[in-house]
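# Survey of secondary and tertiary structure
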Amino acid sequence: MSLITEQLIREKWVVYGSMGRLPRGRRPAFLQLNERRAILALDLRPAVSTIAVANVNGQFLERQTIQTPENPESAAKVFSDRILRLMADHPELLFEGIGVVIPGRYDEKRARVVFAPNLKWPEFDLKAPLEAATGLSVKMENAANACVLAEVWFAQATTRNLLAVTVSEGLGVGVFIDGHLLHSANGMAGEFGHIPLEPSGPLCGCGTRGCWEVYASNWAALRFYGGSSRANGPSFQDLLSLAMGGDLHALRALDHMAQEIGRGMRMIISALSPEEIVFVGEFTRLWDRMGPIIERFVKESVLIGKPPRVRPASAEPSVARLRGTIAMVLQEYFGFGIERKLGAPRLLRKPRSKKTGVRAISF
Ligand SMILES: [Zn+2]
C-alpha cells in the first residue's frame, strides 16, 4: 500500500493534507486527492453546449455555456479556442485531459462520432482536432454512458446492473451490466430510443417513423403541449415552469411524456433485467409527479422477481453529464475501471499514458 501511495504522490495524484492526532507516536499525515489536477469537460448538445473545468473530486471550478456551432469543423475550432482560453485562465491547474459527452455514439475503433441524429451532423472526428489544438488527450463518450459512469464513480450506485435513461432532445440508454459498460460494435449498444413503437408514427431524426424517442423526448412533450414549431413555441424549460406554476395544459403534456417514457420500460427491462434504472433529464425536476407514473410502468413490465429500483440521477442533469466526463478521464489513468467501486478487482492493465507515465494501479 505504501508503495502505491508513494507512486501516487510522485505522480502528483495525491498530496499530503492536514495532520492527524494519535495518543502517542508520530502524528500521521492525511492524504487527499490533489485538487490541482483538473479535467476539462465538454457537454456537446444540439443547441447550447457547456464547457467546464473540474477537479478530480468532481467539483466544478468554472462552467461556461456556448452556442453549439453549426458543423463539426467550426465546432472543433470554437471548442478548442475556448478550451485554450480556460487553460490560460487557470495556470495553477495541471490538466489531465478533456472529456467530451456527445448526443450520439462514439466508434472507438474508427475514432468517429457515428450516430448523432439530433445534431444533424454527418459522421465526424472531434477527438483529433481537439487533441492537436490543446495537446491534451480527449475521451469521447455517449451522454447516457457518461451518466452511468457518473453514478458509479460519484454517487451511491451499489449494483452491477444499472441503466441510465437520459431524456433530453433525444432519448438514450446507458447500459452497465454485470459490472461492464456496454459499447459493442460501433459503440452503438443501447439505442433503445430508436426502436419504433408505432411504424406509422412521427418521423424521427434517424429517418425511421415512430421511434420511442419521438414520443418520450423533451421535443415530444412540446408537441403534446400543442406547439409543433420548435422555433416559436415555448422551450422545455418554459414548459416545466408552466407546469410548476399549475398550468393544467403543461401538466397534461408532461404526464403524457411520463407515460411514453414508461411505455419503453418493458423493452429495456425484458432485454437487460436491470436492478436499478436512473433517469437523467430536466423532466426529473418534476419527479414527484412524473416519477410515480414511470414507476407504475416499471412494475407492470417485470416478468418475474422484484421490479428494478427507479430514481432520478443523484445530480442535476447538466452536472450528471459533466461529471461523467471526469470519470471518463480518470478511468484512463486508474485503469481498474469502474469495477473496483463495486468490489470486483481486475488484473492491472498496461500503462496507458506515455505522457505522464501514470500506471494502472489497483487499490
Ligand atoms: Zn429514431
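These figures come from a predicted structure and were not determined experimentally.

Within the protein, the secondary structure is distributed over 11 helices and 14 strands. Relative to its 363 residues, the protein shows a buried fraction of 40%. Sequence-distant contacts, at least 24 apart, represent 60% of the contacts inside the protein between residues at least 6 apart.

Moving on to helix α11 (residues 317-333). Helix length check: α11 (17 residues) gives 25 Å between terminal C-alpha atoms against 24 Å at 1.5 Å per residue, within 8%. In terms of burial, α11 is largely enclosed, as 15 of its 17 residues are buried.

Between helix α2 (residues 72-89) and helix α3 (residues 127-134), the shortest axis-to-axis distance is 9 Å and the interhelical angle comes to 35 degrees. Where α2 crosses over α3, the handedness of that crossing is right-handed. Of the residues in α3, those in contact with Ala76, Phe79, Ser80, Ile83 and Leu84 of α2 are Pro129, Leu130, Ala133 and Thr134. By residue class, the composition of the contact of α2 with α3 is 7 nonpolar, 2 polar and no charged.

In this section: helix α4 (residues 143-154). For α4, which comprises 12 residues, the first-to-last C-alpha distance of 16 Å matches the rise-based estimate of 16 Å (1.5 Å per residue) to within 8%. A large share of α4 lies buried, amounting to 10 of its 12 residues. Along α4, the positions that sit buried rather than exposed are Ala143, Ala144, Asn145, Ala146, Cys147, Val148, Leu149, Ala150, Glu151 and Val152.

Overall, mixed pairing links the 5 strands, which are arranged β12-β11-β10-β13-β14 in an open sheet. In this open sheet, the two edge strands, each paired with only one partner strand, are β12 (180-181) and β14 (309-312). Sitting on the sheet, helix α10 (residues 287-301) is in contact with β13 (276-280) and β14, with an inclination near 155 degrees to β14.

Turning our attention to the packing of helix α9 (residues 265-272) against α10. Running from N to C, α9 and α10 cross one another at 45 degrees; their axes reach a closest spacing of 9 Å. Overall, the two elements α9 and α10 adopt an arrangement that is oblique. Between α9 and α10 lies a crossing of right-handed hand. On α10, the residues that touch Met265, Arg266 and Ile269 of α9 are Phe297, Val298 and Ser301.

Where burial is concerned, most of strand β11 (residues 171-177) is hidden: 6 out of the 7 residues are buried. Relative to β11, strand β10 (residues 162-167) is paired through 6 bridges, and the arrangement is antiparallel. When the bridges of β11 are listed, Leu162 appears paired with Phe176. Hairpin connection of β10 to β11: 3 residues between the antiparallel strands. One ladder, built from 2 bridges, connects β11 with β12; its direction is antiparallel. Counted as the bridge partner of Ile177 is His180 from β12. Hairpin geometry of β11 and β12 is characterised by an intervening segment of 2 residues between the two adjacent antiparallel strands and by a positive phi of about 50 degrees at Asp178.

Ordered in space as β5-β4-β3-β6-β9, the 5 strands form an open sheet in which the pairing is mixed. Each edge of the open sheet is held by one strand with a lone partner, namely β5 (60-67) and β9 (138-142). In this sheet, neighbouring strand axes are inclined to one another by 20 degrees on average, regardless of whether the strands run parallel or antiparallel. Where strand β3 (residues 37-43) and strand β6 (residues 94-102) come together, 7 bridges link them in parallel fashion. What sits directly across from Leu42, in β6, is Val100.

What follows covers the nonpolar core. Judged by nonpolar contacts, the single largest core of 92 residues is most densely connected at Val100, Ile102, Cys147, Val148, Ala221, Leu254 and Met257. Sorting elements by how many residues they give to this core places α11 first, with 9 residues. Residues from two domains meet in this core; each of domain 2 (37-147 + 318-342) and domain 3 (157-313) gives at least three. With residues up to four places along the chain from it excluded, the contact list for Ile102 reads Leu44, Val113, Ala116, Met140, Asn142 and Ala143.

Of note, Phe279 is situated in strand β13. Judged by the 22 C-beta atoms lying within 10 Å of it, Phe279 is buried. Put simply, Phe279 and Pro312 are 33 residues apart on the chain and 4.6 Å apart in space, counted from C-alpha to C-alpha. Once you skip the residues sitting within four places of it in the chain, Phe279 turns out to touch Val165, Val167, Thr284, Pro312 and Ala313.

Before going further, it helps to examine the pairing of strand β8 (residues 112-115). In the sheet, strand β7 (residues 105-107) pairs with β8 via 3 bridges, with the strands oriented antiparallel. Its bridge partner lying in β8, Asp107 is registered against Arg112. A loop of 4 residues connects β7 with β8, the two strands running antiparallel in sequence, and Ala111 in this loop sits at a positive phi of about 55 degrees.

The next point concerns unusual backbone geometry. Here the phi dihedral of Lys120 falls at roughly 60 degrees; this positive angle occurs in a residue that is not glycine. When you line up the elements, Lys120 lands in the loop between β8 and α3. By C-beta crowding, Lys120 is classed as exposed, having 10 other C-beta atoms within 10 Å. One non-glycine residue, Asn186, lies in the positive phi region at around 60 degrees. Residue placement: Asn186 occurs in the loop between β12 and α5 (212-216).

What counts and how
- Residues numbered from 1 in each chain as written.
- Predicted model: local features only at pLDDT ≥ 70, side-chain atom pairs only at ≥ 80, totals over all residues.
- Helix = DSSP H or I, 4+ residues; strand = E, 2+ residues; numbered from the N terminus.
- Buried ≥ 20, exposed ≤ 12 C-beta atoms within 10 Å, placed from the backbone.
- Contact = placed C-beta atoms within 7 Å.
- Expected span 1.5 Å × (residues − 1).
- Axes fitted to C-alpha atoms, helices over the stretch in contact; angles between N-to-C directions.
- Left-handed = near helix turned anticlockwise from the far one by under 90°.
- Nonpolar A, V, L, I, M, F, W, Y, C, P; charged D, E, K, R; others polar.
- Pairing = 2+ DSSP bridges.
- Parallel < 35°, antiparallel > 145°, perpendicular 65-115°, else oblique.
- Core = buried A, V, L, I, M, F, W, Y, C linked by C-beta atoms within 7 Å.
- Domains from an automatic or database assignment.

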